[in-house]
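Residue-level structural notes
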Amino acid sequence: SKYPQNFPENFLWGGATAANQIEGAWNLDGKGLTTAEVVAKAENRKKMSMDAVNEAVLATAIADQTAINYPKRRGIDFYHHYAEDIKLFAEMGFKVFRFSIAWARIFPNGDDQHPNEAGLKFYDQVLDELEKYQIEPLITLSHYEMPLALTKKYNGWADRRTIAAFTNYTKTVFKRYGKRVKYWLTFNEINTGTWGFHATGALDQDSTKNEQLQLRYQALHHQLIASALATKQLHQLCPMSKMGCMLARMQTYPATPNPVDVQAAQVADQKNLFFTDVQARGEYPNFMNRYFAEHGIKITMHPTDQQILAANPVDFVSFSYYMTTVTQANQDGTAVGNMATGGRNPYLQESAWGWQIDPIGLRITLNEMWDRYQKPLFVVENGLGALDKLVNGKIHDIYRINYLRQHIQQMKEAISDGVHLMGYTMWGPIDLISFSTSEMSKRYGFIYVDQDDQGNGSLRRIRKDSFYWYQKVIDSNGENL
Ligand code: BG6
């Protein structure tokens, strides 16, 4: 046949995690406190409350020296279990493992003069272990955390000086690990920086909505510059390695065929794609300049910024995919209901956390992203958060298998459509602390971890039914679903 029908031979199957959701060991071996470790567990699982951080919340968190209320301080103790966990990933046949480096393990205050050798050593050991099983590392440089000291000193990414601190950290890790790591990502789900603290480390709770947007887009501009500079460093220091950007892709559909709804949906989509547009194409798209002007947002740029962006686009485009949304126009033609919790789609089912499940949307997304960027794509997150039940030592998670199977089928369709797809790292191959609610009971894994929301449990690792299923999927290169 003239078109591809199977997953390519070198397809990178694996799983994805983040330091603050797995490592624990928050105050060991010289590590500094991070922004993720001051966010308490949410009271309401349908309400993402990770950004309700202000000065008072911060002071309380810093005074609390335990991990009881702050689950991201304990994670699943990957810090002490990494060898066992990676062995399990190898047993499933992983070709790639995505994880992030905690900046504060390397530079406890973000801008210390010398890196913390104990922190660097930890990731050496993780890489040694991966090498043992020939699993490629895919490293995220910044996954929803930064040294809290930089929030206090600069208000995080709101201040341009954070760029220099970050690029000093990236230079350090490229020099240390560059030869052994082919694939890197700069900022996890960079677009969610428009939501606030978790991604930018900047406090803005007391300002008006417009002031918030002003601050957040400025902080994000600094991240976009830092991302381009890190890409430049990588290309200079490790010419064999590839840099990717990372977007929380949320395809949105118009609520009706009414052109005002279609147009509002297009604008909502553009605001989502804006970030990858800058990172992959090297310039601010005009629709965004218009949006900023119309909302009184002024991005302060240095004279060389545009050139930095233009000269250093990423090598590949990665994204997370969990759901799609629906957009409806207001009477004035602007969008309503384009957020994760907004417009409901009557044709889709949702998870226990209200996330709308849409496998075909993944095929649509892959096609659109490929058309737009013509750069290799990488699905670096996709998965189902569910309440698993341990029955006689087993977890029969057929719902998770169904979810993943349907999404993998649609990836295969997209490959047949001509999309260049490098790989698939499902989210949370091992149960971990939820990003949005800090619950343990929102489980994604093929591997169950015996720990509850309060942190009680043996931390024992147990293979779920989906573990054996994914093993077959990888072994057959996506044929045996
Ligand atoms: C993505 C994040 O938003 O989705 C991950 O990059 C996160 O860090 C994942 O864990 C799933 O979200 P949650 O809130 O269910 O953990």
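Reading guide: rules and limits
Residues numbered from 1 in each chain as written. Predicted model: local features only at pLDDT ≥ 70, side-chain atom pairs only at ≥ 80, totals over all residues. UniProt positions renumbered as here; feature names shortened; annotations may be inferred. Buried ≥ 20, exposed ≤ 12 C-beta atoms within 10 Å, placed from the backbone. Helix = DSSP H or I, 4+ residues; strand = E, 2+ residues; numbered from the N terminus. Pairing = 2+ DSSP bridges. Axes fitted to C-alpha atoms, helices over the stretch in contact; angles between N-to-C directions. Parallel < 35°, antiparallel > 145°, perpendicular 65-115°, else oblique. Left-handed = near helix turned anticlockwise from the far one by under 90°. Contact = placed C-beta atoms within 7 Å. Nonpolar A, V, L, I, M, F, W, Y, C, P; charged D, E, K, R; others polar. Core = buried A, V, L, I, M, F, W, Y, C linked by C-beta atoms within 7 Å. Near = placed C-beta within 6 Å.

For the protein chain, an unreviewed UniProt entry supplies the name 6-phospho-beta-glucosidase and the organism Liquorilactobacillus nagelii. The Sequence similarities (unreviewed entry) comment attached to the protein chain in UniProt states, word for word, "Belongs to the glycosyl hydrolase 1 family."

Our next topic: the pairing of strand β7 (residues 316–320). Across the five residues of β7, four count as buried, placing the element largely inside the fold. Inspection of the sheet shows strand β5 (residues 242–248) paired to β7 by five bridges, in the parallel sense. Each bridged residue has a counterpart across the sheet, and for Cys 245 the counterpart in β7 is Val 317.

With that settled, consider the packing of helix α7 (residues 161–177) against helix α9 (residues 209–237). As a packed pair, α7 and α9 sit with axes 10 Å apart at the nearest point and diverge in direction by 25 degrees. Taken together, the axes of α7 and α9 lie roughly parallel to each other. Where α7 crosses over α9, the handedness of that crossing is right-handed. Across the interface between the two elements, Thr 162, Ile 163, Phe 166, Thr 167, Thr 170, Lys 171, Phe 174 and Lys 175 of α7 pack against His 222, Ile 225, Ala 226, Leu 229, Ala 230, Gln 233, Leu 234 and Leu 237 of α9. By residue class, the composition of the contact of α7 with α9 is nine nonpolar, five polar and two charged.

The nonpolar side chains of a soluble globular protein tend to be buried, and buried together. Among the nonpolar cores identified, the biggest contains 127 residues, and Ile 101 and Met 411 are the most heavily contacted of them. Here Ile 101 is in contact with Ala 19, Ile 106, Tyr 123, Ile 139, Leu 141 and Val 173, once residues within four sequence places are set aside. Residues Tyr 253, Ala 265, Ala 329 and Ala 335 belong to the second largest nonpolar core, which totals eight residues.

Further remarks concern the site of the ligand. Inspection of the region around the ligand gives 14 residues, with Ala 18, Gly 385, Ser 434, Phe 435 and Ser 436 positioned closest. Of the residues contributing to the shell around the ligand, the split by class is five nonpolar, six polar and three charged.

This part is about unusual backbone geometry. A positive phi angle, close to 50 degrees, is found at Ala 25, a residue other than glycine. Its location among the elements puts Ala 25 in the loop between α1 (19–22) and α2 (55–63). Residue class for Ala 25 comes out partly exposed when judged on the 17 C-beta atoms lying within 10 Å of it. At Asp 29, a position not held by glycine, the phi torsion is positive, near 50 degrees. Exposure remark for Asp 29: the 13 C-beta atoms within 10 Å place this residue in the partly exposed category.

Across a sheet, paired strands are connected by hydrogen bonds in the backbone, their directions being either parallel or antiparallel. If you walk around this closed barrel you meet the eight strands as β1-β2-β3-β4-β5-β7-β12-β13, and the pairing is parallel. For this sheet, the mean inter-axis angle between neighbouring strands, taken without regard to orientation, is 25 degrees. Pairing geometry for strand β12 (residues 377–381) and strand β13 (residues 421–427), over three bridges, is parallel. Looking at the pairing, Leu 377 lines up with Leu 421 of β13.

With mixed pairing, three strands are arranged side by side in an open sheet as β6-β8-β9. Looking along the sheet, the strands with just one partner apiece sit at the ends: β6 (252–254) and β9 (335–336). Both strand β8 (residues 325–329) and β9 contribute to a ladder of two bridges, which runs antiparallel. When the sheet's bridge partners are listed, Ala 329 is paired in β9 with Ala 335. Sheet strands touched by helix α10 (residues 259–281): β6, β8 and β9. Its angle to β8, the strand with the most contacts, is close to 125 degrees.

With respect to the helices, strands and loops of the structure, Gln 279 is situated in helix α10. Take Gln 279: there are 27 C-beta atoms within 10 Å of it, and that puts it in the buried class. Residues Gln 279 and Lys 179, 100 residues apart in the sequence, show an inter-C-alpha distance of 24 Å. Once residues within four sequence positions are removed from consideration, Gln 279 is found in contact with Leu 224, Ser 227, Cys 245, Pro 313 and Val 314.

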